[in-house]
Structures are given as structure tokens and as C-alpha cells.
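Here is what each chain is made of, one letter per residue.
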Amino acid sequence: MKIDLKILCFVILFTVAAALLFFFSGIPGTGGPAAVHDEVWENLKFVKNVMIWFMLMLVAFLMIFVKKYEWGVALAVLLAAAGSFVVYLFIHDVYFKDAWNQDLMLGAVICSITLVIAIGCFLGTVKMWQYLLIGILFAPSYVLIEWFIGNVTLFGAFAQDPGGSILVHMCAAYFGLGVAVALREKRTFKEPMYTTTHSVSFVWLAAMLLWVLWPAFVTALLPMDLVTIGMITCYLAGIGSVISAWIVCYKIQKKVDPLVYTYAMLAGPVAIGAPLLMVGPWAALAVGIVAGIVSALSFIYLQPRLCDWLGARDVMGVHNLHGVAGWVGVAASSLVMLLYGAVNWALANIAVGLIVFVAALSLGIVSGIVLKMTRGCMCDDELFSDDADFIKNEEPMI
Amino acid sequence: MKIDLKILCFVILFTVAAALLFFFSGIPGTGGPAAVHDEVWENLKFVKNVMIWFMLMLVAFLMIFVKKYEWGVALAVLLAAAGSFVVYLFIHDVYFKDAWNQDLMLGAVICSITLVIAIGCFLGTVKMWQYLLIGILFAPSYVLIEWFIGNVTLFGAFAQDPGGSILVHMCAAYFGLGVAVALREKRTFKEPMYTTTHSVSFVWLAAMLLWVLWPAFVTALLPMDLVTIGMITCYLAGIGSVISAWIVCYKIQKKVDPLVYTYAMLAGPVAIGAPLLMVGPWAALAVGIVAGIVSALSFIYLQPRLCDWLGARDVMGVHNLHGVAGWVGVAASSLVMLLYGAVNWALANIAVGLIVFVAALSLGIVSGIVLKMTRGCMCDDELFSDDADFIKNEEPMI
Amino acid sequence: MKIDLKILCFVILFTVAAALLFFFSGIPGTGGPAAVHDEVWENLKFVKNVMIWFMLMLVAFLMIFVKKYEWGVALAVLLAAAGSFVVYLFIHDVYFKDAWNQDLMLGAVICSITLVIAIGCFLGTVKMWQYLLIGILFAPSYVLIEWFIGNVTLFGAFAQDPGGSILVHMCAAYFGLGVAVALREKRTFKEPMYTTTHSVSFVWLAAMLLWVLWPAFVTALLPMDLVTIGMITCYLAGIGSVISAWIVCYKIQKKVDPLVYTYAMLAGPVAIGAPLLMVGPWAALAVGIVAGIVSALSFIYLQPRLCDWLGARDVMGVHNLHGVAGWVGVAASSLVMLLYGAVNWALANIAVGLIVFVAALSLGIVSGIVLKMTRGCMCDDELFSDDADFIKNEEPMI
């Protein structure tokens, strides 16, 4: 293996760039984290931070069922997460001058997991380096929506979304759909997406562990005394969709499609994000049951019609889980607030849902146009294919 | 795909039922958790709660080695866990009027993991919806045994079982055996249980991670200052069985059966449950060594004889791990208490072990009769088969 | 199945030995843990302890890509970890008289994970029982190096290595290389190491989750108020190598070798161990970028030359990740201390790096000679082979 001069130059330049970053980042002496005023609480958040990163990686395995396109999914998730993570932190460090603490790191990983969900809509239809690009494009869009939800009042009320039904799930679903619509990759309809027993077993593993870790996600930014109730409603909503999604799949399909069930069983935790702290355990169970029903129905009946109409396939069915169950979360939280008599709060949540829907879709379409313009030629055998990106070392058939 | 009128009615009715639950569960305003008096401790228990749910899901992957029956195991675990979790919480909420806090949630997930272990005895021999049914049947049985162990004194002493050797493992093994005996499914003896390299690799993953997470399980309900010693004895017992189970398998079988070793390596953590806080680290290592020996021997010598005698196969060999190592835990804890001179405490533990053995077996037999009566016809190709329950999308052979 | 008299004797003797350990370990009454003065902090460390054990098991799955040698890797990891864990604790209990607390348990699991990394250099070239032996040989070597780094000053300064770049990663790489050199198993060069899609998907899973859990590892022994900054620099270094390793692999190889990328993407967290608390977030990103570049280059260019020169293959490429990125950590930390003007501290870190390099290599060679002498005949088909150690139950081809 000879060392190519061009590669040598490239490596040297890349290393020099990193070295410049090292020296001009204010090292030594500055750039460290602000004083931590509550050390125990920071250390407790440390654990949630790790758990949410864990979930982010599991999302890759939730989407790894196409046997000829497994490693590419994993790498795409890593690159999309890395790109968005860095840009999110850069904006918050340089523009908002935020302190470096667990909350900032939690904000960043939540931004990245939102993108990782979103890429499910168009996974396998762009080039590998473009997942890094979409990370860079997504983070500013997300920061905008995050700022809007956190700082703007509508009808005199703030949006109630402690567990991210709107900020994370709806944002992910509609940003992703926006990209897919802009790419308009019609060849996706012809992709048979063959699985194997074990490629789908990885999906079961990912879905079951995502379900388990979900309370860390919905309680990440709550004050300490609300964490337990957040866990209780999250798990009960999750139990609801585990049961109801199976019953619906079983009643309609007789034989269950595991790639419907393993997603729809997570609809409860998605939907409970908005009403997380407004409902008791049994009402949370009910929210989860409804979300599981609606999500499973959406996979079976809505998905083919919607994709036909959009002219592009939602590759991983992101909208059926995150979009649809996000709306269930908006509806449930608004309903509870109406029952409380807080009409303006209910209206605020509905309005924020609609605004995030429009904003995420638009920003997704714009980002998708950038992807389409920079993508260049994409051969048929580069779609949904590890062969385009990876060396394989399989035993030759005799 | 046309929308069937019957399915439409069913979906509407199901949704309406959930909505009624939502409204009549006392929302808005009540049903929330009681005041949390120690927030830090609640937040620390939050982590253990997640870890035990994680273990529950891993138990599915411990049993996923039959290649033609992988997804069914995962779904059965989800349904059994969901059914028992809801009913456990319902009983504790409505009948015992317990506060909603981490301890209640821990109690519920420990109930569910007990059932998930138990179903290993008869996995693949009942219909999918019956795992939901067994969840509903199991929870009251478990609550009864849990109440008995926690509230009844024998010989003037309470049972000493902080890590669940008796309450969880023996209860699981004998309830499960009871069901298997009632089902008396003789066709299980003919099942070859073919594996693949990767289906067994999932089992290695599950066994190794279960081993890792076990301290969260045995220390879940301990006071804060005993958690560290619980972890120390748990890991040392675990190291003991990792070593001794391998030596026994290797000496007897020459080539090790991975489906014996990956289970028997967990015997130490099972057995240490009862003597968890009575022994120092090196004695815990000894307990683990003995448990690993006994469990491996049980797999190799006891299992075929016991199953012949019972007329039903303990499908996943639950008894060899949880039953037998549970007895080691009872014996070790009683022995230590004898050495302390606390004869009545030693007798109490032995008596509780025997009572749980009889009670769990009886309740299991009753539940198994219900399963058998409601199961209806079960064709040969529905046994241990994903094909009966799932749509597959595999690449057609050319 | 008849019970063999020899086996019966063996089992009885083994059990008696365990019982003697049980009685002579000072049970009941002594051997328990010392009083815990800060319970919350102990409970927070409990979580990290579990996370590091989790990482140890994941290291097995990082090395599980050779399809015909999956289960053997898992078992080797368990036996190596168990042997070193027990001996480490024994030395610290009996010789150093350390209290039994979370810090001791953390020290022990860090010792074991170091060995588990090290065995990657010669995995598949020794007999199964020798992984237990190497555990027993490694622990004293490690304790010596650990004591040296913690207690000896050079140029009036202590080594700065809070996250284990030197103590763990360099120690692992050079101890492992030392063993490989002593074994000089030339047949490794002929091993084609065929993979399958899924065997490599397990590697992706392990690499991605190891990346996620890494902050628990580097902050395990830090005081409470430094944990957040340790997490921040660790994740940013990790993001750096996720991006840079991919760019280098892609630029040089066009099609990426997943078994280079999944390792090199972890180079940032390895390298940040030494400068963990000296750099801000953006400088940590730069360290990670450089580490990813250097590690990927090392896999592609250095590995074949180095192995040729040594006359033995570094089976899993341990040196390219842990050795090389360890040196990057030494260089980065020394550079920062030079910029601070602390020349003696910078020299101390370089000197400790060199001493650990020589010491680990020498101790590895000595241990390797012991392995070689006790290994006996190793047939060709025992190399890298599950068939030598395990019973398989695969469906017969028709």
C-alpha cells in the first residue's frame, strides 16, 4: 500500500486545522465550564445525559432492518448526530453565551436525537457525507424552533411540552418529511426492503430498550421533584401502547408486521410528552392506548396514501410514530387544559403544534433542496446499499 | 386495502374505552403522586428503576436462541410484562392505596420481571394473546406472596430476602413449572430448538448485560447506606458463578453448551439475593461458586430427569437457574443465620422457601389450567414459531 | 447420561473448596464494607460502576466480528475479567488493606477492562482456560503500574491521567502486544477473518454504545464537581473522532472498512483521558479530531508494517486504537502543560508514558512466555474457532 501524495497533503491540512482549533479555542485557561452550583443534581443529570445518548444510538438499530443496508444506517446516524451536536453547541456557546453544563449538553443531544429521528424519512437516498451536511443544516433550524417554544407566548401562554411531543417528535417528523418531499426520490417505492430474522431482532432490541430508557428523555429537563411523576406517566403511557398497538395489528393484520408493531408500541411515550405532568397514571395509560391505536392505524392505512400523495416514501415510517403520536400529545394536553378551564393555554398548545408543523416542514423542504442540489448522480445500486460505502469481507461461496 | 366495517367498529369501541378511562381516572387534578420527601433518593431510585426494566427486556434476549422463534419471544415478554404491570399497580393503587412513587414502580417492575422469567418454562406452547392473560392472572398471585413475605412472621422472624432469591426467583421458577405441568404439552420434547451463531450471540449479550445490571436489582429496595455492600456481594457472587459454571461445563461436557453456560453463569447473583447483606465479599464469592456448580449440574443431570417425571419440558430451563440457585440462596442465608445462633431466623427462611415453593407451584397450576382451557387447538406448526404470529419479508430464494 | 466417578469427585472437591472459602473468609461478622461517609456520592458512583461493567462486556462485542469465533470471544472476556477482578481485589484487600467501597470496586473493574482490551492482541491463539490464567497474571502487573502512577513523582510532579489514557489504554495495548510477541503465533497472518453482515452489526452496536458510556469511564474516580467538565470534554473529543476517522477512511479507502472505522471512532475518548480536565470543549474537539486521524492512519498504514516487524498479528488492532491514541493523549496533555509553563509536569507525563510503555510491554512478554509454555499443542482448527470450545445445535442442511 503506497502512501499517496494527495492523501498525505489532505491529512496534514486536516491535522493542522485541528491544531489551530486547539490553540485558538482559548486553551489553556478559558473555555471551561461555569461553576456548578448544585453538584448532586449535575451528577444525576449526567446519568440522564448518557441515557439519552444511548437512546440516540438505539434509534439507529430501530432502522437497521434492511439486510443490505445495516452499516450505512449506523454510520449515517453517527454523522448526522455529530454534525448537529457540534453546530448546536457552537450556536449556544458563541451566540447565546450559555454556560457549559449538563443542561447545555442535554439540549445538544436532544437536538441530535431529533435529527436522527428525522433522517429516517429519507435514509438511504442521499450520499453518506450528506448526513454530516444535514446535521449542519438542521441545528440552526432546531435552535430557532427551540427558542420559539421556550420564549414566545401565544394567547398569553407558553407551550406545555415538557417531554418533547412537539419540539422533538413533531419537529423530527415534519422536518424529515420536508426533506423527503424535496428529494422526491420515486425509486424508494420500488425498494423491497428485504429483512432477515436477525436484522429484525435488532429492531426488537432497540424498540424494547428505547421504551425502557424513555423516562430519562421526558424528564431530562424537569426540576428534581417532578422526575418521579414524569417516569410514572411515561411508563404507563408506554404500557398502553404496547398493549393497544398489538391488539390493533393483530385484529387488522392477523399476522403482525413486526416493523409496524415495534414502532407503534413506542407511540405512548411519544404522545405523553406534552401532557406528561398534567395527567395521573391511569389517564396516562389511556393516552398511551389511544396513541398506540392511532399510530398502528396510521402505519397500516395512512402511510401508503400519504406517500403516494407526497410522491416520496417516508422510508422508516417516521411520520406514523413521531408525527401522528405527536398530534395525539397535542390533543391530549389541550383537552386536559380545556377541562381545567385554561382555554388560552389549550389554544397555545394547538397553535404551537401548528406552527412547528409548518416551520419544520418548510425548513425541511429548504434543507432537502440543498441536499438534492449537492447530491449529484445517485445510481440505483447506491440506494439503500452498504455496498456503496463499505468494504465487506464475507466468506466466498464455494 | 379496504377498511373493514367490523374493524372500524372495534377500533372505535377500543378508543372510546380508553377515552372513558381517561375521563374517569380522576383527571384533571387527582391521581398524581404523593409528595416526595427525599428528592435525591427518588432520583437515584429512578436510575435503578430504568435498569430493572432494562433487565426485563434482556430476559427476552436470553430466551431468543431458537432461530424460528425469536420475535415471538420478544412480543410474549412485552405482553406478559404489560399485563402484570398494570394489574399490580391497579391492586396497589385501589386496594392498598399506596402512594405513587419510585418504590411502587419498583415493586411493579419486579413483579413483571418475575413473570417474564416464569414464562420461560412454557414459552412457545400457548397463543400470543394468552401472555397478556397470564400477566393478568399472575399479578394477584404475586401480590399475595409479596404480602406474605413482607408481613407474616414465622418462628417470630421475618424472611430475610433483600435481593429476591425467594420472592422473585423461586416464585418465578415454580409458578412457571406449575403452568408447564398443567399444560402438559408433550410435543415440546420433540422440538429440536435449532439455533444459529447469531441467535446465540444475542443470548451471550443478554446474559453478560444481565450480569452487569444485577446489582441494581438486588439493591433496588435497600436503604441508601446498604447499596454499596449489596453491589459488592452481588458482583463477587457473580464472579464466582462465571468461573465455576465454566469449569463444571468444561469438565463434564468437554465442549461447553452455550445455552447451559450463559444461564448458569448467572446463578451466583440469583443465589446471593437472600444472604446479600449477611456475608462479606469472599463468602459471597463462595456462594457464587457453589451456585454456579449446582446450577450447571442441574442443567446437565437434573433437567432431563425432572422434565421426564413432570411430563412437560421446562422450555428455557428456568428451574435450573432460578429454582435451584434460589434454594442455594435459602440454604446459604439459613446457614449464616445458624452460625450467628439465630436459629429461629434460619428456620423462618427455610419455611418461607418451602411455602413459596408450594404456593407458587399451586398458583401456577391453577393459572396453567386456565391457559389450557382457553387455549383451544394449537397446531404443531404454531409451537415455537414466529410464522404463526408474524409477517416476514425475506428475500425470495432464486 | 451416566455420572462419571471422576467428575463426581472433582465436583465434590470443588464444592468443598468453596465451602472452606465461605467459612474461613471471616463469616459471619467481619469482612463487610467500611462505613460509608458520603452515601449519596457512593450511590452516584454505583451507577458509574455498573456503566463501566457494561462497557467491559461491550468490549467483547467490539471483537465479535469473526463469524466462526463469536462465542469464544464472549467467554474469553468473561474468564479474563473474572480472573483479574478477583486477584485485584485480593491484593487490595489483603496487602493494601483497602476498605470495601465503590472506589475499590471501580479500581477492580478498571483493572479488568484493561485486561479485556489487552487480550484483543492475541485473542483466538491460546486455550480457553488460559484466559483465566492471564487474568491471574495480569492483575499483579496492573496493580504495580497503578501504584507507580499514583504514588511516584517524577521531576517533582505526578502524572496527570484522570481518564486513563496511560494507565488503561497504553497499559492494555503494550501488555497485549507483549503477550502477542512472546506467543509469536505466525499462523494468525493466514487467518482470513470472514465476517457476516450481522457479526459486524454487533460491532457497530458495541462501538456506538461504548462511545455513549465513555464519560462514566473517564469521570469514574473524579471528585463530584469535576464530573460535568469531564463529560463535556469526553463527548466533544468523541464527536471529533467520529467525524475525522470517517473522513480519513473515506478519503484513503473510498469504501470504508467498518472494522477500521468502528475502532478509530473511539480514538477521541481514548486520547482525552490524559488532558481531560486541562482543555475546554473546543480544544477537546481538536484532540478528538487528531486522535481519529492518527488512529485511522495507524490501522491502514502502521498495522501491517508493525505486525510484520513483530512477527505476530495484533489480532483486533488494539494498538491502533489504544496504543496510538494513548500517545496522542500523552502528547496533548504535555503540550497543554508546556503552554501553562509547567515544564516539569509536562516532562513527568512524557516520562510516565515511556515507563508504562516499557513496563507493560515487559510484563506482557513475561506473561506471554508463561502462556506459551503452558499452552501445549494448538491445532490449526483450534485457532479462532468456536468449534473447539462449544456445542452447536444448528439445523442440518438437507
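As a reminder, the structure under discussion sits directly above these lines.
The structure presented is a predicted model; accordingly, all values stated were derived computationally and were not measured.

**A look at the interface of chain B and chain A**
- The interface is formed by 69 residues belonging to chain B together with 74 residues belonging to chain A.
- Approximately 6500 Å² of surface area, both sides summed, lies buried where chain B meets chain A, with 81% of it carried by carbon and sulfur atoms.
- Three residues stand out in chain B for area buried against chain A, namely B:Phe22, B:Phe46 and B:Trp71, and they jointly supply 10% of the buried area on that side.
- Summed over the shared surface of chain B and chain A, the number is 16 residue pairs in polar contact (both at pLDDT 80 or more).
- Residue contributions to the side of chain B that touches chain A peak at 14 residues, all from helix α2 (residues 39-62) of chain B.

**So, the relation of the copies chain B and chain A**
- Superposition of chain B onto chain A requires a rotation of 120° combined with a translation of 0.0 Å along the rotation axis, giving an RMSD of 0.0 Å. Such a turn and shift between the copies fits a three-fold axis.
- Of the interface residues in chain B, just 12% have counterparts in chain A that sit at the interface too, so the contact is made through distinct surfaces.

**Structural notes on the relation of the copies chain C and chain B**
- Note on the identical chains: chain C maps onto chain B by a rotation of 120° and an axial translation of 0.0 Å, with an RMSD of 0.0 Å.
- Of the residues that chain C buries at the interface, just 12% are likewise interface residues in chain B, meaning the two copies contact each other through different surfaces.

**Observations concerning the side chain of B:Ser298**
Residues and elements named next belong to chain B.
- Secondary-structure assignment places Ser 298 in helix α11 (residues 281-310).
- Classification of Ser 298 by relative accessible area gives buried; the value is 4%.
- The contacts of Ser 298, once residues within four sequence positions are left out, are Gln 303, Asn 320 and Val 324.

**Re the packing of aromatic side chains**
- One pass over the structure, following the stated rule, counts 69 aromatic pairs over all chains.
- Seen from their ring centres, A:Trp327 and A:Phe357 are 6.1 Å apart, and the 65° between their planes marks the pair as edge-to-face. With A:Trp327 in helix α12 (residues 318-339) and A:Phe357 in helix α13 (residues 343-375), this residue pair connects regions lying 30 residues apart in the sequence.
- Its relative accessible area of 26% is what places A:Phe357 among the partly exposed residues.
- Between the aromatic rings of C:Phe61 and C:Phe202, the centroid separation amounts to 5.9 Å while the plane-to-plane angle is 45°, which identifies the pairing as tilted. One end of the pair, C:Phe61, is in helix α2 (residues 39-62); the other, C:Phe202, is in helix α7 (residues 197-218), with 141 residues separating them in the sequence.
- Exposure remark for C:Phe61: the relative accessible area of 2% places this residue in the buried category.
- Taken together, the ring pairs in this structure connect A:Phe61, A:Phe202, B:Phe61, B:Phe202, C:Phe61 and C:Phe202 into an aromatic cluster.
- The ring of A:Phe46 has C:Lys48 sitting right over it, with the charged end atom 4.7 Å from the ring centre.

**Some remarks on the side chain of B:Ser201**
- Of note, B:Ser201 is situated in helix α7 (residues 197-218).
- Here B:Ser201 falls in the buried class, since its relative accessible area comes to 0%.
- Setting aside anything within four residues of it in sequence, one finds B:Ser201 in contact with C:Phe61, C:Glu70, C:Trp71 and C:Phe202.

**Brief notes about helix α5 (residues 129-151) of chain A**
- For α5(A), built from 23 residues, the straight-helix expectation of 33 Å at 1.5 Å per residue is met to within 8% by its first-to-last C-alpha distance of 34 Å.
- The largest bend along α5(A) measures about 25° and falls at A:Phe138, with the proline A:Pro140 one to four residues further on.

Reading guide: rules and limits
- Residues numbered from 1 in each chain as written.
- Chains lettered and ligands numbered in written order.
- Predicted model: local features only at pLDDT ≥ 70, side-chain atom pairs only at ≥ 80, totals over all residues.
- Heavy atoms only, no water.
- Contact = heavy atoms within 4.5 Å.
- Buried area = accessible area lost by both parts, 1.4 Å probe.
- Polar contact = N/O pair within 3.5 Å; in protein donor to acceptor, adjacent residues only side chain to side chain.
- Helix = DSSP H or I, 4+ residues; strand = E, 2+ residues; numbered from the N terminus.
- Least-squares fit on C-alpha atoms with pLDDT ≥ 70 in both.
- Buried < 20%, exposed > 50% of the residue type's maximum accessible area, 1.4 Å probe, protein only.
- Phe/Tyr/Trp six-rings, centres within 6.5 Å; stacked < 30°, edge-to-face > 60°.
- Lys NZ or Arg CZ within 6 Å of the ring centre and 35° of its normal.
- Expected span 1.5 Å × (residues − 1).
- Bend = angle between axes of the 7 residues up to and from the residue.

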